[in-house]
Amino acid sequence: RLRALTDHWVNGMKNITHLKTYKPEEYGGVCSFYCPGDSVEIMSYLNSKKIHVKKVFDNNYNNNKSRYRVSPNIYHGFNDLDRLTEAMETYEIKK
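### Brief notes about the pairing of strand 4 (residues 66-70)
No. 1: Burial within strand 4 is extensive, with four of its five residues counted as buried.
No. 2: Pairing geometry for strand 2 (residues 31-34) and strand 4, over three bridges, is antiparallel. In the strand pairing of strand 4, Cys-31 is matched with Val-70.
No. 3: Pairing geometry for strand 3 (residues 54-57) and strand 4, over four bridges, is antiparallel.

### What about the sheet that holds strand 1 (residues 20-22)?
Picture the strands of a sheet paired through backbone hydrogen bonds; they go either parallel or antiparallel.
No. 1: Spatial strand order, 1-2-4-3: four strands in an open sheet with antiparallel pairing. What marks the edges here is a single partner per strand, and that holds for strand 1 and strand 3. Averaged over all pairs of adjacent strands, the angle between their axes in this sheet comes to 35 degrees, without regard to strand direction.
No. 2: The sheet strands contacting helix 2 (residues 39-48) are strand 2, strand 3 and strand 4, and the helix crosses strand 4 at an angle near 25 degrees.

### Digging into a nonpolar patch on the surface
No. 1: On the surface, Leu-2, Ile-74 and Tyr-75 cluster together into a nonpolar patch covering about 360 Å² of accessible area.
No. 2: In this structure, Tyr-75 sits in the loop between strand 4 and helix 3 (78-90).
No. 3: Exposure remark for Tyr-75: the relative accessible area of 73% places this residue in the exposed category.

Cut-off values and rules
Residues numbered from 1 in each chain as written. Predicted model: local features only at pLDDT ≥ 70, side-chain atom pairs only at ≥ 80, totals over all residues. Heavy atoms only, no water. Buried < 20%, exposed > 50% of the residue type's maximum accessible area, 1.4 Å probe, protein only. Helix = DSSP H or I, 4+ residues; strand = E, 2+ residues; numbered from the N terminus. Pairing = 2+ DSSP bridges. Axes fitted to C-alpha atoms, helices over the stretch in contact; angles between N-to-C directions. Contact = heavy atoms within 4.5 Å. Patch = residues over 30% accessible without salt bridge, like charges linked within 9 Å, V, L, I, M, F, W, Y side chains within 5 Å. Areas by Shrake-Rupley, 256 points an atom, 1.4 Å probe, with all protein chains shown as cover. Salt bridge = Lys/Arg side-chain N within 4 Å of Asp/Glu carboxyl O.

See below:
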């Protein structure tokens, strides 16, 4: 179930040009994505849509930029993850 949920949102975000997804080589339910822009603004945008992700900082990815961890569990449905994908499709990066 966790693999199906994770694959669902990762595959859904593959066509969003301003995002990059990160899936570990060792499979687990936790993956992350990178979106350029102000991380405080991105977190606020997602929180306003009642979407909860964790901002993580890892110097092994993205030249020390923030990523957003998505950790679905068995209580999430595919529609919950679709809300995340839809929100990130419509997110406008401020330049």
